[in-house]
Amino acid sequence: MEKRKKIILVIISDTSNNNNFRDILRQNFDTEYELFFTERPEVFVTENPRVRPLTVICDYEEMADNIAEIMTFLGKHKQMIDIPVTFCITESNLDNIADYEIYDFIKKPFNQKVLIARLKLLLKKSDLKNQLDEKNQELKDFLREKTRLNLKLSARDLALNKSAAASIMSKKGTITFINDKFCSISKYGKHELMGIEYVSIICNQKNRKEYDNIWRTIYRGEIWRGEICCRTKLNEIIWTDTTISPVYDERGRITNFFGIHFDITDRKNFEQQLKEKNENVTLSINYASRIQKALLPSNQYLKEVLMDYFVFYKPRDIVSGDFYWVKQVSHITVVALADCTGHGVPGAFMSMLGFSFLNEIVTFRNSKQPSQILNELRLLIKQSLHQEGANANLDDGMDITICSIDFNNKKMFFTGAMNCVYIVRDKNNPIIKGENINLTANENKNLFQIEGDYLAIGTFQKDSLFKTTTVDLYENDILYNFSDGYIDQFGGENNIKFTSKKFKRMLLEISKFPLNEQKEMLQTTYDNWVTAYNRRQIDDILILAVKI
């Protein structure tokens, strides 16, 4: 069966003379996507019931008279809610779209190459978001199914406890008594089981060792309890939760053995189903992890633009809420490191937005100044998460640092949102001064902590503009960008946090070594602090270092 193409809804006047725009879309996107041109979105809904487009592109000037009605429909119709909308618009009309929740805009007149690149990025972002939404829905469905099955198991166990199979065996292991429930479970009649050996019912080649262990235990006068897998008269596999106890006479001698058996076949089948579902969900999350790792800059690219660096990256779960992003624009190398709200799957969703928006801001809008990047990133995150009105207090967002490094002129431009950057420098080089700079030192090195702004990417009580700190760099300076995962990790003998004080002292001590050895030392310290004491990793961990 042929796979249906994903749909792009293009809202444009039916009498439009703008055939160039239509031709560009058809030539570059008609193979992979289905293009639906209309001047009223209601037409699409009528012709495609229960089908949601991947994205909506709207020509503002051609639809200006009906734009309010169109946006109202897109925002309220259940088939169109949360579909990203992109306006094609002239610069003179940009102020007119401020009141609409749009995903993006493309300025006219079009440069064909720029238009195609922007649309491809937009579609890729929408496609990735849909993939992650599907994986998230699979996880939600699994959790609902798990809850349903657990409730069903509890009810079934209660019913089984009210009606158990019972048996009595002689010292030789022959059956001397069984109740009706035993016959119901085993599918044997009483006359077929009386006087035969119990082993002939429960024993097969696979569980022979377990059967021998049962009889060794009860002959010692002890009680045995466990799960037994056997076959009925009809050759069906059944499971029982069985307890077998010795029965004594007045002289304390074993006379026979009493067994009680609960049919747990349904429970074991449910457990197998849950195991299979869990494996499927894990496979889905592993797939999401591959998508996330594919977005991280490659080692080859990092060597080209950073030269001497290391990345210490330890997600707490399969996917991570911490991410790093590097892009060289002209002679400036932009380095971003972010710690998104949450970890695992929720954090990974937020990191996908961070990847996409940083690409948009730096690559396509050509923004290199860190404060400008964060101001634009905050706006895009708030628009994407609808952090306005009733949702204004949502804490979703990220702590992030942006370092724009000019290796040629040895300068760094830094802006941080709820996070800082460290610079470790030889003592014979100048001290960095400023209101947002703190100094820690040992006998050979100075460590400068450059604080970012107390402003968040996302909704926060303050919405001031971010500020940039400019720092002159010197040869052998080492820049350390990091999330709070390493510092906040519990461990050691007393199970306490590692703390920023220990972290600074460690960086000062290891900074004299090559960066690849520093990374190994960070891992060794982590193992001695966490692994050696069997502590659990509590958060994603990410450290990125660059040597000048």
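Residues numbered from 1 in each chain as written. Predicted model: local features only at pLDDT ≥ 70, side-chain atom pairs only at ≥ 80, totals over all residues. Heavy atoms only, no water.

**Some remarks on the overall build of the protein**
Rules: Only DSSP runs of H or I with at least four residues qualify as helices, and only runs of E with at least two residues qualify as strands; both kinds are numbered from the N terminus onward. Think of it in three bands: residues with accessible area under 20% of the maximum for their type are buried, residues over 50% are exposed, and the middle band is partly exposed, with areas taken using a 1.4 Å probe on protein chains only. Here a residue-residue contact requires only that any non-hydrogen atoms of the pair lie within 4.5 Å. Surface accessibility in these figures is a Shrake-Rupley result with a 1.4 Å probe; residues are shielded only by whichever protein chains are displayed.
Each helix and strand counted, the protein has 14 helices and 23 strands in total. Residues counted as buried form 48% of the 548 residues belonging to the protein. Look at the contacts in the protein between residues 6 or more apart in sequence, and 66% of them connect residues 24 or more apart. In the structure as shown, the protein presents an accessible area of about 28400 Å², 48% of it carried by carbon and sulfur atoms.

**Description of the packing of helix H11 (residues 344-364) against helix H12 (residues 370-384)**
The angle between the axes and the distance between the axes are what describe a pair of packed helices. Going by this rule: Under this scheme, a helix contributes an axis fitted over its contacting stretch, all axes are lines through C-alpha atoms, and angles between N-to-C directions fall in the 0 to 180 degree range. Orientation categories follow fixed angle ranges, with anything under 35 degrees roughly parallel, anything over 145 roughly antiparallel, 65 to 115 roughly perpendicular, and all other angles oblique. Note on convention: near helix rotated counterclockwise from far helix by under a right angle means a left-handed crossing. Clockwise means right-handed. Under this grouping Gly is polar, as are all residues other than the nonpolar Ala, Val, Leu, Ile, Met, Phe, Trp, Tyr, Cys and Pro and the charged Asp, Glu, Lys and Arg.
Packing of H11 against H12 brings their axes to within 10 Å, and their N-to-C directions diverge by 130 degrees. Relative to H12, H11 is oriented oblique. When the axes of H11 and H12 are compared, the crossing they make is right-handed. Contacts between H11 and H12 involve Met350, Leu353, Phe357, Leu358, Ile361 and Val362 from the first element and Ile373, Glu376, Leu377, Leu380, Ile381 and Ser384 from the second. For the contact of H11 with H12, the class distribution of residues is ten nonpolar, one polar and one charged.

**Considerations on the pairing of strand S18 (residues 445-451)**
Definition in use: Pairing between two strands is assigned when DSSP locates at least 2 bridges connecting them.
Counting buried positions over the seven residues of S18 gives six, a clear majority of the element. Bridge count between strand S16 (residues 420-426) and S18: seven bridges; the pairing is antiparallel. Of the residues in S18, the one forming a bridge with Val421 is Ile450. Pairing geometry for strand S17 (residues 437-441) and S18, over five bridges, is antiparallel. Paired with Asn438 across the strands is Gln449, a residue of S18. Connecting the antiparallel pair S17 and S18 is a turn made up of three residues.

**A closer look at the sheet that holds strand S8 (residues 224-231)**
Backbone hydrogen bonds are what pair the strands of a sheet, in a parallel or an antiparallel way. Ordered by their spatial adjacency, five strands build an open sheet running S7-S6-S10-S9-S8, and the pairing between neighbours is antiparallel. Each edge of the open sheet is held by one strand with a lone partner, namely strand S7 (175-178) and S8. For this sheet, the mean inter-axis angle between neighbouring strands, taken without regard to orientation, is 30 degrees. Note that strand S9 (residues 237-248) and strand S10 (residues 254-263) share nine bridges and pair antiparallel. Paired with Thr242 across the two strands is His261, which belongs to S10. Contacting S8, S9 and S10, helix H9 (residues 265-295) runs over the sheet at an angle of about 130 degrees to S9.

**Side note on the side chain of Asp453**
Inclusion rule: Whenever a nitrogen or oxygen atom comes within 3.5 Å of another N or O atom, the pair is scored as a polar contact, on the condition that within protein one atom can donate a hydrogen and the other can accept it, and that pairs from neighbouring residues in sequence are kept only if both atoms are in side chains.
Topologically, Asp453 is positioned in the loop between S18 and strand S19 (469-472). Taking the relative accessible area as the measure of exposure, Asp453 reaches 11% and is therefore buried. One polar contact links the side chain of Asp453 to the main-chain amide nitrogen of Lys467, over a distance of 2.9 Å.

**Focus on the packing of aromatic side chains**
Basically, it comes down to this: The criterion for an aromatic pair is that two Phe, Tyr or Trp rings (for Trp, the six-membered ring) have centres within 6.5 Å, with stacked assigned to planes under 30 degrees apart, edge-to-face to planes over 60 apart and tilted to the rest. Criterion for a charge above a ring: Arg CZ or Lys NZ at most 6 Å from the ring centre, at most 35 degrees from the ring normal.
Counting across every chain of the model gives 14 aromatic pairs. On the basis of an interplanar angle of 55 degrees and a centroid distance of 4.6 Å, the ring pair of Tyr422 and Phe482 is categorised as tilted. On the criterion of sequence distance, the pair formed by Tyr422 in strand S16 and Phe482 in strand S20 (residues 478-482) is long-range, its members being 60 residues apart. As far as the burial class goes, Tyr422 and Phe482 line up, both buried. With a centroid separation of 6.1 Å and 45 degrees between ring planes, the pair formed by Tyr422 and Phe503 is classed as tilted. With Tyr422 in strand S16 and Phe503 in helix H13 (residues 500-510), the pair connects residues that are 81 residues apart, well separated along the chain. For the pair shown, Tyr422 and Phe503 are each scored as buried. Three or more aromatic residues joined by ring pairs form one cluster here, namely Phe312, Tyr422, Phe482, Tyr486, Phe498, Phe503, Tyr526 and Trp529. The ring of Trp239 has Lys268 sitting right over it, with the charged end atom 4.5 Å from the ring centre.

**Remarks on the confidence of the model for the protein**
Convention followed: Each residue gets a pLDDT score, which is the predictor's confidence in that residue and runs from 0 to 100.
With 90% of its residues at a pLDDT of at least 70, the protein reaches an overall mean of 85. For the stretch residues 157-161, pLDDT sits under 50, and the model shows four contacts to residues farther than four places along the chain or on other chains.

**Considering the side chain of Ser511**
Relative to the elements of secondary structure, Ser511 occurs in the loop between H13 and helix H14 (515-529). Take Ser511: its relative accessible area is 3%, and that puts it in the buried class. A polar contact of 3.0 Å, which involves the side chain of Ser511, links it to the backbone oxygen of Leu508. For Ser511, the contacting residues outside a window of four places in its chain are Val424, Lys445, Ile478, Tyr480 and Gln518.

**Things to note about H11**
How we decide: By this rule the span expected of a helix is its residue count minus one, scaled by 1.5 Å.
For H11, with 21 residues, the first-to-last C-alpha span of 29 Å sits near the 30 Å given by 1.5 Å per residue. Across the 21 residues that make up H11, a large majority, 16, are buried. One or two residues past the end of H11 sits Asn366, with phi positive at roughly 60 degrees.

**Regarding the pattern of salt bridges**
Pairing between side chains becomes possible if they bear opposite charge and their charged atoms approach one another. Condition: Any carboxyl oxygen of Asp or Glu that lies within 4 Å of a side-chain nitrogen of Lys or Arg is treated as forming a salt bridge with it.
Tallying each qualifying case throughout the model produces 21 salt bridges. For the salt bridge of Lys190 with Asp180, the shortest nitrogen-to-oxygen distance reads 3.2 Å. With a gap of ten residues between them, Lys190 in helix H6 (residues 190-193) and Asp180 in helix H5 (residues 180-186) connect regions that are remote in the sequence. For Lys190, a relative accessible area of 38% translates into the label partly exposed. The residue Lys233 makes a salt bridge to Glu192 at a minimum N-O spacing of 2.7 Å.

**Section: the packing of H9 against H11**
Contact geometry for H9 and H11: axes closest at 11 Å, N-to-C directions at 30 degrees. One element, H9, and the other, H11, form an angle in the roughly parallel class. Read as a crossing pair, H9 and H11 show a hand that is left-handed. Taking contact as the criterion, the partners of Ile285, Ile291, Gln292 and Leu295 in H9 are, on H11, Val345, Ala348, Ser351, Met352 and Phe355. Across the contact of H9 with H11, the residue classes tally to seven nonpolar, two polar and no charged.

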